[in-house]
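# Structural description and commentary
Below are the chains, spelled out letter by letter.
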Amino acid sequence: MTVAVVDMFSAEAEMAFVETLRLTGFAVLRNPPLDAQRLLRMADDWRDFFLGEEKWQYLAEETPSGNTSGFIPPEVSETAVGHDRKDLKEFFHIVPETVLPARLADDAEAHLGEALALGTLLLGWLDIHCGSALPGDLRGKLAESLSPNDSLLRILHYPPLKGDEPPGAVRAAAHEDINLITLLPVSSEPGLQVMGRDGLWMDVPGRPGDVIVNSGDMLQEATSRQLPSTSHRVINPPDADSNMSRISMPYFLAPDLDVQLSEHHSAGTYLRERLDLLAR
């Protein structure tokens, strides 16, 4: 199994995207409608932010939608389901009306607008080609179900390794995403891997300017597993590169929480179930 690179300038882009998502749960979009220079600038600016002390002025708070907004330090970072070590990362959550440093705000807002438009386009493709797999109330309406308030832009910083990390701790342990789809600009630093159907890990292809797209658990639930939510991870760099930090900027696209994904779950009940697992 390999994750396909889909050129969005190609006449076959729509079908190629849907097919690789069906087969692998992942796709790499080449020539996506996102400002590549802005993404490079954001990565540099956010790296500077995380390496400074200003971040402590923006500690996270819970929003009315249940998301968190702001800075989450390594000490309270995530532990993936099924793992007993915290991931080696810190991050910043951005939702509508998140308070940001002035020098970061304009680029973040512009990127959110472009990423939301791209996500709507991709979900529209899935509406057309996977509609028969969706429950009746959602059939043909994935794109319409998208909620900016329940979606989340996460700016991740994987700090340089110091050599005193707990045994077995990694930048991001194997996990699946909860949401519908995730849009992830390719990082300038390697490390992202996806698990194939044979149970073996493989690097996700791509180059700066590309966008990685993956199905989340909510999409898997809504399509009766026809679009799989595939395990992925971020491995630690080899020793020679251990002092290189890594910036990653996934946008987790989610539907309105009252959308019925299946006879068993709405988006809201599904989200609460998964968050309960993470809290254990």
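Summarised in this report is the structure supplied together with it. Numbering of residues starts from 1 in each chain and follows the order in which that chain's sequence is written. Local features in a predicted model are, by the rule used here, given only for residues with pLDDT of at least 70; side-chain atom pairs are given and counted only at 80 or more, and totals for whole chains, interfaces and linings are based on all residues. Remark: hydrogens and water are excluded; side-chain values derive from all non-hydrogen atoms of the structure.

What follows concerns the packing of helix 1 (residues 13-24) against helix 3 (residues 102-130). Relative orientation of the contacting elements helix 1 and helix 3 amounts to 80°, with a least axis distance of 10 Å. Overall, the two elements helix 1 and helix 3 adopt an arrangement that is roughly perpendicular. Judged by residue contacts, Ala13, Glu14, Met15, Phe17, Val18, Leu21 and Arg22 of helix 1 engage Leu122, Trp125, Leu126, Ile128, His129 and Cys130 from helix 3. Gly counts as polar in this scheme, as do all residues outside two lists: the nonpolar Ala, Val, Leu, Ile, Met, Phe, Trp, Tyr, Cys and Pro, and the charged Asp, Glu, Lys and Arg. The residue inventory of the contact of helix 1 with helix 3, partitioned by class, reads 10 nonpolar, 1 polar and 2 charged. For every element, the axis is a line fit to its C-alpha atoms; helices are fit only across the contacting stretch, and the angle between N-to-C directions ranges from 0 to 180 degrees. Strands are runs of DSSP state E lasting at least two residues, helices are runs of H or I lasting at least four, and both sets are numbered from the N terminus onward. Small angles under 35 degrees read as roughly parallel and large ones over 145 as roughly antiparallel, with 65 to 115 read as roughly perpendicular and the rest as oblique. Residues count as neighbours in contact if any of their non-hydrogen atoms are within 4.5 Å of one another.

Quick look at the packing of helix 2 (residues 36-51) against helix 3 now. Contact geometry of helix 2 with helix 3 gives a least axis separation of 10 Å together with a crossing angle of 135°. As judged from the angle between their axes, helix 2 and helix 3 are oblique. Here helix 2 and helix 3 pass one another in a crossing that is left-handed. Contact with helix 2, carried on its side by Arg38, Leu39, Arg41, Met42, Asp45, Trp46 and Phe49, involves Arg103, Leu104, Asp107, Ala108, Ala110, His111 and Glu114 of helix 3 and no other residues of that element. Of the residues in the contact of helix 2 with helix 3, the class split is 7 nonpolar, 1 polar and 6 charged. It is the rotation of the near helix from the far one that decides the hand of a crossing: anticlockwise by less than a right angle makes it left-handed, clockwise makes it right-handed.

Aromatic rings from Phe, Tyr and Trp, taking only the six-membered ring of Trp, are treated as a pair when their centres fall within 6.5 Å; an angle between ring planes under 30 degrees marks them as stacked, one over 60 as edge-to-face, and anything in between as tilted. Applying the stated criterion across every chain, the model contains 10 aromatic pairs. Aromatic pair Trp46 and Phe49: ring centres 5.2 Å apart, planes at 75°, arrangement edge-to-face. You can see Trp46 and its partner Phe49 sitting in helix 2, 3 residues apart, about one turn around the helix. Looking at Trp46, the relative accessible area reads 1%, which means it is buried. By relative accessible area, which is 1% here, Phe49 ends up buried. Ring geometry for Trp56 versus Phe71: centroids 5.3 Å apart, planes at 90°, classification edge-to-face. Separated by 15 residues along the polypeptide, Trp56 in the loop between helix 2 and strand 3 (61-62) and Phe71 in strand 4 (residues 68-72) bring together distant segments of the chain. Only protein chains enter the accessibility calculation, which uses a 1.4 Å probe. A residue is then buried if its area is under 20% of the maximum for its type, exposed if over 50%, and partly exposed in between.

Turning next to the pattern of salt bridges. Salt bridge, as used here: a side-chain nitrogen of Lys or Arg that lies within 4 Å of a carboxyl oxygen of Asp or Glu. One pass over the full model with this rule turns up 9 salt bridges. In the salt-bridge network here, residues are joined through shared partners; they are Asp35, Arg38 and Glu114.

What follows is about the environment of Ala13. Relative to the helices and strands, Ala13 resides in helix 1. A sequence separation of 217 residues divides Ala13 from Thr230, and the C-alpha atoms of the two residues are 21 Å apart.

Coordinates in, geometry out; function isn't part of it.
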